[in-house]
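Spelled out, the chains give:
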Amino acid sequence: MGIRKAVMPVAGHGTRVLPATKSIPKELLPVVDRPALQYVVDEALEAGIEHIVFVTGRGKGAIEDYFDEAFELEAALAAKTSKADILAEVQRTKLPAGAASFTRQQAPLGLGHAVWCAKDIVGDEPFAVLLPDVIVRAKPSCLAQMVEAYENTGGNIVAVDPVPEEKISSYGVITPESRDGRLIRMSGMVEKPPREEAPSNLKITGRYILQPEIFDLLEEQGKGAGGEIQLTDSMVTLMESQSFHAYEFDGEEFDCGSKAGYFEAVVAHALQNPETADEAKAILARYAAGT
Ligand code: G1P
């Protein structure tokens, strides 16, 4: 069966970018002219995803509103012919009727628990997980690359990319065995290992294709790194009975959960956007020259 559904955990408080996220979900912070989350939703849609399950929490209601019809705004824009382009952009953000579900993670028990909260909505079929802190700029989209690989491998796939040694202990890390192009056979994974125990420099990027059997494992999963229920720990158990690959995607990644990563995402997208590219380049050059 193809990958039709994607889970996006959006319950986190965004403590690394407070106070910006005190009253705005961190996923809705703008990267140039659209929220970070829009880039991740676009990535999923490009990969053929038909239904997105948002795992939300208290104070995240603005995410539901963002993907909904905005009747008054659209009517106001429609009344002015000069706003036709903006109206089209606003209308593009609407997810089709029935194509999104929202369920709440009531307590911050970890990524594994957040994914488990989507169990009933996903049901008995393979699905994708995209962590919206991470924006991946890639053509085709990162998840689209993974879906293509999945058509040959089946089973489970995690996206990976190399990370500098000093940052490795902030991530899930794989133990690679052999490679076939971008596809990597692996023998293990570990969540947030101490630097000297990391099995490689390949970190899990926040994009997954998983079989539904993961849900029963998550239900039984005890706490792991950081005292949280970790998705990585249940994936390690699933590896005992199912095929698991890592996929080193072709693209560029921005971790918008951190101040510097968010800044980099804004700069990179401003330099790419035809509306802002020239001015952004000039501004950066000016600051780089210290004038
Ligand atoms: C999560 C995952 C980790 C992965 C990371 C990617 O960690 O648990 O395996 O490497 O996302 O961003 P978190 O950033 O939620 O601590």
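The preceding data block contains the structure.
Trainee: Explain the pattern of salt bridges to me, please; I cannot follow it from the model alone.
Mentor: Side chains carrying opposite charge are able to pair once their charged atoms draw close together. Inspection of every chain in the model, using the stated rule, returns 22 salt bridges. Here E50 makes a salt bridge to R4, at a shortest N to O gap of 3.7 Å. With E50 in the loop between α1 (36-46) and β4 (51-56) and R4 in the segment before β1 (5-9), the pair connects residues that are 46 residues apart, well separated along the chain. Salt-bridge contacts for R195 lead to E165; the nearest nitrogen and oxygen are separated by 3.3 Å. Separated by 30 residues along the polypeptide, R195 in the loop between β10 (183-191) and β11 (202-210) and E165 in the loop between β8 (156-162) and β9 (172-180) bring together distant segments of the chain.

Trainee: I'm lost on the site of the ligand in this one. Help?
Mentor: Residues in close proximity to the ligand include L111, L131, V134, Y171, G172, E191, K192, I204, T205, Y208, Q230 and T232, which together make up its full environment. Between the ligand and E191 there is a distance of 2.7 Å, counted from an oxygen atom to a side-chain nitrogen or oxygen. Within the complex, 78% of the 380 Å² of free accessible area of the ligand lies under protein. At 3 residues, the largest contribution of residues to the shell around the ligand is made by β11. Counted by class, the shell around the ligand contains 6 nonpolar, 4 polar and 2 charged residues.

Trainee: Help me out: how do you make sense of a negative patch on the surface in this one?
Mentor: Together, D124, E213, D216 and E220 make up a region of like negative charge exposed at the surface. As for its position among the elements, E220 is in helix α8 (residues 214-220).

Trainee: It is not clear to me how the environment of C117 should be interpreted in this structure. Could you clarify?
Mentor: Along the chain, the position of C117 falls in the loop between α5 (111-116) and α6 (119-122). Overall, C117 belongs to the buried group, its relative accessible area being 17%. The spacing of C117 and Q105 is 12 residues in sequence and 6.4 Å in space, taken between C-alpha atoms.

Trainee: Looking at this model, I keep getting lost on the side chain of N156. Mind explaining?
Mentor: Here N156 is to be found in strand β8. Judged by relative accessible area, N156 falls into the buried class, the value being 0%. A polar side-chain atom of N156 sits 2.9 Å from a polar atom in the side chain of Q242. If near-sequence neighbours (up to four positions away) are discounted, N156 is found in contact with I209, L210, Q211, L238, Q242, S243, F244 and H245.

Trainee: Can you walk me through the packing of aromatic side chains in this structure?
Mentor: Ring pairs (aromatic) are described by centroid distance and by the angle formed between their planes. Scanning the model with the defined rule gives 4 aromatic pairs in all. Relative to F67, the ring of Y66 has its centre 4.9 Å away and its plane inclined at 90°; by these criteria the two rings are edge-to-face. On the accessibility criterion, F67 (4% relative accessible area) is buried. Between F127 and F215 the ring centres are 4.9 Å apart and the planes differ by 10°, which places this aromatic pair in the stacked class. With F127 in strand β6 (residues 127-130) and F215 in helix α8, this pair connects stretches of sequence that are 88 residues apart.

What counts, and where the lines are drawn
- Residues numbered from 1 in each chain as written.
- Predicted model: local features only at pLDDT ≥ 70, side-chain atom pairs only at ≥ 80, totals over all residues.
- Heavy atoms only, no water.
- Salt bridge = Lys/Arg side-chain N within 4 Å of Asp/Glu carboxyl O.
- Helix = DSSP H or I, 4+ residues; strand = E, 2+ residues; numbered from the N terminus.
- Near = heavy atom within 4 Å.
- Polar contact = N/O pair within 3.5 Å; in protein donor to acceptor, adjacent residues only side chain to side chain.
- Areas by Shrake-Rupley, 256 points an atom, 1.4 Å probe, with all protein chains shown as cover.
- Nonpolar A, V, L, I, M, F, W, Y, C, P; charged D, E, K, R; others polar.
- Patch = residues over 30% accessible without salt bridge, like charges linked within 9 Å, V, L, I, M, F, W, Y side chains within 5 Å.
- Lys, Arg positive; Asp, Glu negative; His and termini not counted.
- Charge placed at Lys NZ, Arg CZ, Asp CG, Glu CD.
- Buried < 20%, exposed > 50% of the residue type's maximum accessible area, 1.4 Å probe, protein only.
- Contact = heavy atoms within 4.5 Å.
- Phe/Tyr/Trp six-rings, centres within 6.5 Å; stacked < 30°, edge-to-face > 60°.

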